[in-house]
Amino acid sequence: ANMIEFQHVFKSYGRGRNILADINFRIEPGEFVFVSGPSGAGKSTLLKLIGGLEPASRGSISVNGHRIDKMPPRARPYLRRAVGVILQDTHLLYDRNAMQNVMLPLTVIGLENSVAITRSRAALEKVGLSGKEDMKPIELSGGEQQRLAIARAIVNRPAILIVDEPTANLDDETARRIMEVFRDFNRVGVTTLIASHDRGLMASYASRTLLIEAGRFADVKGVPA
Ligand code: ADP
Ligand code: ADP
């Protein structure tokens, strides 16, 4: 079974040029995959297609056994549950504390408050933010805000985690700690895609890389040369 499959996928914005052209690949459950390429190549676009945040212009995309290019808008919440998305802009709510931020996806699906609190606390603990439940994002460091966004993305136990440039603007030590959080989820079976152009990071962690470069797409084992 495939967790993610692209068949002849094209993507352009409005009437602009193709950012992605005839992209084909499959990702199996439990894989840990990097998406790499220079800035502006289309890494974020690829992730947004998988998360259903942007529609493909052409082609078919399957995620978790569902054709998302054929998914009606009313089915979007299912996709949101299946795919945890962590974009560069963390989209944290700055007027709410850490606990409230993490609880949000659970409140949205109508989970009972006491259950939502227990699960949110567990998610915060997993990313090393226990004891910071009451703090507002602005009171947290950059790395802690990243980890809060991770907690919010994993609190509803998605099968797939997609992450855009998780270590941009972080020091090496914090970057490694964040990567270990993703590795831990991957070890318990979460299919993980990480967009990055950090070669040091990829040298340490990449076993498969989807490389996007001006008009070229390559699916390579390990780190691209
Ligand atoms: P990367 O993540 O590799 O830096 P992106 O996927 O963010 O690349 O962007 C790829 C190209 O698509 C860029 O030229 C960018 O300007 C363009 N692009 C991204 N999002 C939009 C959008 N919403 N509208 C129009 N163009 C966009
Ligand atoms: P309903 O009760 O509204 O018919 P379904 O469970 O049949 O709901 O699913 C509705 C839509 O959501 C379908 O198009 C299905 O493909 C999609 N869907 C359901 N579960 C998932 C999932 N885990 N990931 C992605 N899409 C899903």
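Structural data are supplied above this passage.
Bear in mind the structure is a predicted one, so any value in this text is a computation, not a measurement.

1. Some points on the sheet that holds strand β5 (residues 66-67)
Okay, so step 1: Within the open sheet, the 4 strands sit side by side as β2-β1-β4-β5. Their pairing is antiparallel. Both outer strands of the open sheet, β2 (18-27) and β5, are each paired with one neighbouring strand and no more.
Okay, so step 2: Where strand β1 (residues 4-12) and strand β4 (residues 58-63) come together, 5 bridges link them in antiparallel fashion. Counted as the bridge partner of Phe10 is Arg58 from β4.

2. Examining the layout of surface pockets
Okay, so step 1: Computed from the structure, the largest pocket encloses a volume of approximately 670 Å³.
Okay, so step 2: In this structure, the largest pocket is lined by 25 residues; those nearest its centre are Arg80, Val83, Val85, Pro105 and Arg152.
Okay, so step 3: Of all the elements in the fold, those that place two or more residues in the lining of the largest pocket are α2 (76-82), β6 (83-86), α3 (98-108) and α5 (142-154).
Okay, so step 4: Counting residues per element, the lining of the largest pocket draws most heavily on α2, which supplies 5 residues.
Okay, so step 5: Split by residue class, the lining of the largest pocket holds 14 nonpolar, 6 polar and 5 charged.
Okay, so step 6: The space that makes up the second largest pocket amounts to roughly 260 Å³.
Okay, so step 7: Of all the secondary structure elements, the ones that give two or more residues to the lining of the second largest pocket are α4 (113-126) and α6 (172-187).
Okay, so step 8: With 4 residues, the top contributor of residues to the lining of the second largest pocket is α4.
Okay, so step 9: Among the residues making up the lining of the second largest pocket, the classes are represented as 9 nonpolar, no polar and 4 charged.

3. Re the site of ligand 2
Okay, so step 1: Close to ligand 2 lie Asn64, His66, Met71, Pro72, Arg74, Ala75, Tyr78 and Ala82, which account for all nearby residues.
Okay, so step 2: Taking Asn64, its side chain carries an N or O atom lying 3.2 Å from a nitrogen atom of ligand 2.
Okay, so step 3: For ligand 2, whose free accessible area comes to 550 Å², the fraction covered by protein is 58%.

4. Description of the pairing of β2
For a regular strand, the rule is simple: side chains alternate between the two faces of the sheet.
Okay, so step 1: Of the pairings in the sheet, the one linking β1 to β2 comprises 6 bridges and is antiparallel in character. Bridge pairing in β2 places Val9 opposite Ile23.
Okay, so step 2: Where β1 folds back onto β2 in an antiparallel hairpin, the turn is made up of 5 residues, including Gly14, whose phi is positive at roughly 55 degrees.

5. A look at the packing of α3 against α5
Okay, so step 1: Two elements in contact, α3 and α5, have axes separated by 7 Å at closest approach and are oriented at 30 degrees. It follows from the interaxial angle that α3 and α5 lie roughly parallel. By crossing handedness, the relation of α3 to α5 is classed as right-handed. Along the contact surface, α3 presents Ala98, Asn101, Val102 and Pro105, while α5 presents Leu148, Ala151 and Arg152.
Okay, so step 2: Counted by class, the contact of α3 with α5 contains 5 nonpolar, 1 polar and 1 charged residues.

6. A closer look at the site of ligand 1
Okay, so step 1: Around ligand 1, the neighbouring residues are Tyr13, Arg17, Ile19, Pro38, Ser39, Gly40, Ala41, Gly42, Lys43, Ser44 and Thr45.
Okay, so step 2: At a separation of 3.2 Å, an oxygen atom of ligand 1 approaches a polar backbone atom of Ala41.
Okay, so step 3: Take Gly42: an N or O atom from its main chain is 2.9 Å from an oxygen atom of ligand 1.
Okay, so step 4: In isolation ligand 1 exposes 560 Å². Once the protein is present, 58% of that is buried.
Okay, so step 5: Here the shell around ligand 1 gets 3 residues from one element, more than from any other, and that element is helix α1 (residues 43-50).

7. Thoughts on the sheet that holds β6
Okay, so step 1: Taken in spatial order, the 6 strands make up an open sheet running β6-β7-β8-β3-β9-β10, and their pairing is mixed. Taken across any chain shown, the strands that pair with only one partner, and hence form the sheet edges, are β6 and β10 (216-221). Sheet twist, expressed as the average angle between the axes of neighbouring strands with direction ignored, equals 15 degrees.
Okay, so step 2: Of the pairings in the sheet, the one linking strand β3 (residues 32-36) to strand β8 (residues 191-195) comprises 4 bridges and is parallel in character.

Reading guide: rules and limits
- Residues numbered from 1 in each chain as written.
- Chains lettered and ligands numbered in written order.
- Predicted model: local features only at pLDDT ≥ 70, side-chain atom pairs only at ≥ 80, totals over all residues.
- Heavy atoms only, no water.
- Pairing = 2+ DSSP bridges.
- Helix = DSSP H or I, 4+ residues; strand = E, 2+ residues; numbered from the N terminus.
- 1 Å grid on protein atoms, 1.4 Å probe; cavity = no way out; pocket = protein on both sides within 12 Å on 5 of 7 lines; lining within 4 Å.
- Points joined across faces, edges and corners; volume = space filled by probe spheres on them.
- Nonpolar A, V, L, I, M, F, W, Y, C, P; charged D, E, K, R; others polar.
- Near = heavy atom within 4 Å.
- Polar contact = N/O pair within 3.5 Å; in protein donor to acceptor, adjacent residues only side chain to side chain.
- Areas by Shrake-Rupley, 256 points an atom, 1.4 Å probe, with all protein chains shown as cover.
- Axes fitted to C-alpha atoms, helices over the stretch in contact; angles between N-to-C directions.
- Parallel < 35°, antiparallel > 145°, perpendicular 65-115°, else oblique.
- Left-handed = near helix turned anticlockwise from the far one by under 90°.
- Contact = heavy atoms within 4.5 Å.

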